[in-house]
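Structure at a glance
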Amino acid sequence: MRRPYAVKQTVAGPVDTALALAKAAHTVLWEMFPGQRAYIDEALAVAEAASAPGAAHDAALALGTSIATSVIAIRADDGSGAFTPYAGSADLGKWRPTG
């Protein structure tokens, strides 16, 4: 049995799981990489086109958005956006800046 990573959601009724995954990824990546939004939107459009319209399609978009929003909120204050300067080293075998 798989354990949820950070968010546990349940859904009643049919869900297109591939589209739900695509929508969750789209929402997270769209937030994290604003310079790549056109490409990210295009990838979601491909996933949506492959999904038949109907209840499973609509539920997938709602589920993906809900999961992504929860993950973004969990990660909001995790320090991943903090910049930590690293000057490098002159020691052999250690990284040093070039240029």
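Small disclaimer: the values here were computed from a predicted structure and weren't measured. (Residues numbered from 1 in each chain as written. Predicted model: local features only at pLDDT ≥ 70, side-chain atom pairs only at ≥ 80, totals over all residues. Heavy atoms only, no water.)

1. Some thoughts on the pattern of salt bridges
Taken as a whole and assessed by the stated rule, the structure comprises one salt bridge. Here R75 ties to D78 by a salt bridge, and the two come within 2.3 Å at their closest N and O atoms. R75 sits in the partly exposed class, given a relative accessible area of 35%. On the basis of relative accessible area, D78 is assigned to the partly exposed category, the value being 39%. (Salt bridge = Lys/Arg side-chain N within 4 Å of Asp/Glu carboxyl O. Buried < 20%, exposed > 50% of the residue type's maximum accessible area, 1.4 Å probe, protein only.)

2. Things to note about the packing of helix α1 (residues 17-32) against helix α3 (residues 55-75)
Interaxial distance between α1 and α3 falls to 7 Å at its minimum, and their mutual angle equals 40 degrees. As far as their axial angle goes, α3 and α1 are oblique. Crossing handedness for the pair α1 and α3: right-handed. For the pair α1 and α3, the contacting residues are L19, A20, K23, A24, T27, V28 and E31 in the first and H57, A60, L61, L63, G64, T65, A68 and I72 in the second. Class assignment of the residues belonging to the contact of α1 with α3 gives a composition of nine nonpolar, four polar and two charged. (Axes fitted to C-alpha atoms, helices over the stretch in contact; angles between N-to-C directions. Helix = DSSP H or I, 4+ residues; strand = E, 2+ residues; numbered from the N terminus. Parallel < 35°, antiparallel > 145°, perpendicular 65-115°, else oblique. Left-handed = near helix turned anticlockwise from the far one by under 90°. Contact = heavy atoms within 4.5 Å. Nonpolar A, V, L, I, M, F, W, Y, C, P; charged D, E, K, R; others polar.)

3. As for the nonpolar core
Among the nonpolar cores identified, the biggest contains six residues, and these are L19, A20, L44, A47, A60 and L63. Going through the elements one at a time, α1, α2 (37-49) and α3 are the ones with two or more residues in this core. Non-local contacts of L44, meaning those with residues more than four positions away in its chain, are made with L19, A22, K23 and H26. (Core = buried A, V, L, I, M, F, W, Y, C linked by side-chain atoms within 4.5 Å.)

4. Structural notes on α2
Taking 1.5 Å per residue as the helical rise, α2 with its 13 residues ought to reach 18 Å, and the 18 Å between its terminal C-alpha atoms agrees with that figure. When we look at burial in α2, the residues that qualify are I40, L44 and A47. Along α2, the residues classed as buried sweep out an arc of 55 degrees about the axis, all on the same side. Residues of α2 that are exposed and point more than 90 degrees away from the buried face comprise A38, Y39, E42, V46 and A49. Against the buried residues of α2 lie α1. (Expected span 1.5 Å × (residues − 1). Arc of directions from axis to C-beta.)

Everything listed is a geometric property; what it means functionally is a separate question.
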